[in-house]
Each structure stands twice: as C-alpha cells, then as structure tokens.
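Residues per chain, in single letters:
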Amino acid sequence: MNISLLLGAGLAFLGVVLGAFGAHALKDKFPEPKHEQYWNTGVQYHMYHALGLLAIGILSMDALIGESSLLTWATYLMFVGVIFFSGSLYVLSVTGVKKLGAITPIGGLLFLVAWALVVVEVIN
C-alpha cells in the first residue's frame with residue numbers, strides 16, 4: 001500500500017470536513033474575527049499538503065520514480081507538518097491560546113524540508 005496516497009486522501013477528506021465545519025458550525029463562535037482567518041489558513045495549508053502527499057504517492061509509483069527513502073521521509077515530514085502547522089492554527093483559532101502560535105513555524109519548517117526532499121529526489 002502506498003502510505004503517501006492513503007495519508008493524502010485521508011487529509012484531503014479531513015480538510016474538506018474542517019473547511020465546512022469552520023465555515024458553518026464555527027462561523028460565529030471564534031473568539032476574535034481574526035481567528036477565523038487563522039482557521040482558514042490552517043485549512044488552506046492542510047489541503048495544499050494533502051495534495052502534496054498525493055503527488056508524492058504518484059511519484060512513488062514504479063512507472064515514475066518508484067519507492068525512495070527521500071520520498072518516504074518527505075511523506076512523514078509533510079504529514080507531521082500538517083499536524084503542527086494546521087493543527088496549531090485550528091486549536092489557536094478556537095481557544096485563543098496565543099502560545100500555540102510558537103508551534104506553527106515548526107510545521108512550516110517541516111513543510112519546507114519535505115518539499116526540498118522531493119526536489120532533490122526529482123533532480124536525481
């Protein structure tokens with residue numbers, strides 16, 4: 001089984017659910033108006049990286065690059081990046097706990113490293 005495709009599809013499903021949840025169920029419940037923007041940013045990057053995981057899964061197919069340790073690492077870093085980046089924004093947006101904002105850049109860094117690994121693998 002291609003874990004990248006599984007994680008990507010699962011995260012895409014969850015991204016749609018969380019996007020709809022934020023737009024409807026949470027619409028008037030955010031502590032401050034800017035918190036809705038935090039939620040939407042979390043959903044946006046969540047979906048970008050769900051699609052990134054699907055792309056990694058496709059690249060990992062034998063007809064293209066095939067299995068690679070760099071793509072495997074990119075998969076896990078991207079997945080954990082979604083948890084740190086988007087997850088911290090989701091919690092921050094509904095709780096208002098600003099200290100969670102310190103976790104968000106860690107997720108961003110994981111995204112950057114994951115994409116760099118994909119670039120390196122594609123170049124090789």
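Residues numbered from 1 in each chain as written. Predicted model: local features only at pLDDT ≥ 70, side-chain atom pairs only at ≥ 80, totals over all residues. Heavy atoms only, no water.

Heading Sequence similarities (unreviewed entry) of the UniProt record for the chain holds this comment: "Belongs to the UPF0382 family." In its Subcellular location (unreviewed entry) section, UniProt records this for the chain: "Membrane". (UniProt positions renumbered as here; feature names shortened; annotations may be inferred.)

What follows deals with the packing of helix H1 (residues 3–24) against helix H3 (residues 69–95). Each pair of packed helices can be summarised by the angle the axes make with each other and by the distance between the axes. Here H1 crosses H3 at 15°, and the two axes come no closer than 10 Å. By the angle class used here, H1 and H3 are roughly parallel. For H1 against H3, the interelement crossing comes out left-handed. Only Thr75, Tyr76, Phe79, Val82 and Tyr90 of H3 make contact with H1, whose side of the interface consists of Ile3, Ser4, Leu7, Leu11 and Leu18. Residues of the contact of H1 with H3, tallied by class, amount to eight nonpolar, two polar and no charged. (Axes fitted to C-alpha atoms, helices over the stretch in contact; angles between N-to-C directions. Helix = DSSP H or I, 4+ residues; strand = E, 2+ residues; numbered from the N terminus. Parallel < 35°, antiparallel > 145°, perpendicular 65-115°, else oblique. Left-handed = near helix turned anticlockwise from the far one by under 90°. Contact = heavy atoms within 4.5 Å. Nonpolar A, V, L, I, M, F, W, Y, C, P; charged D, E, K, R; others polar.)

What follows is about the UniProt feature "transmembrane region" (unreviewed entry) in the chain. Here, UniProt's "transmembrane region" (unreviewed entry) annotation points to residues 43–61, 73–94 and 100–123. Here residues 73–94 runs as 100% helix and 0% strand, with 31 Å between its end C-alpha atoms. Along residues 100–123, the helical share is 83% and the strand share 0%, with 36 Å between the first and last C-alpha atoms.

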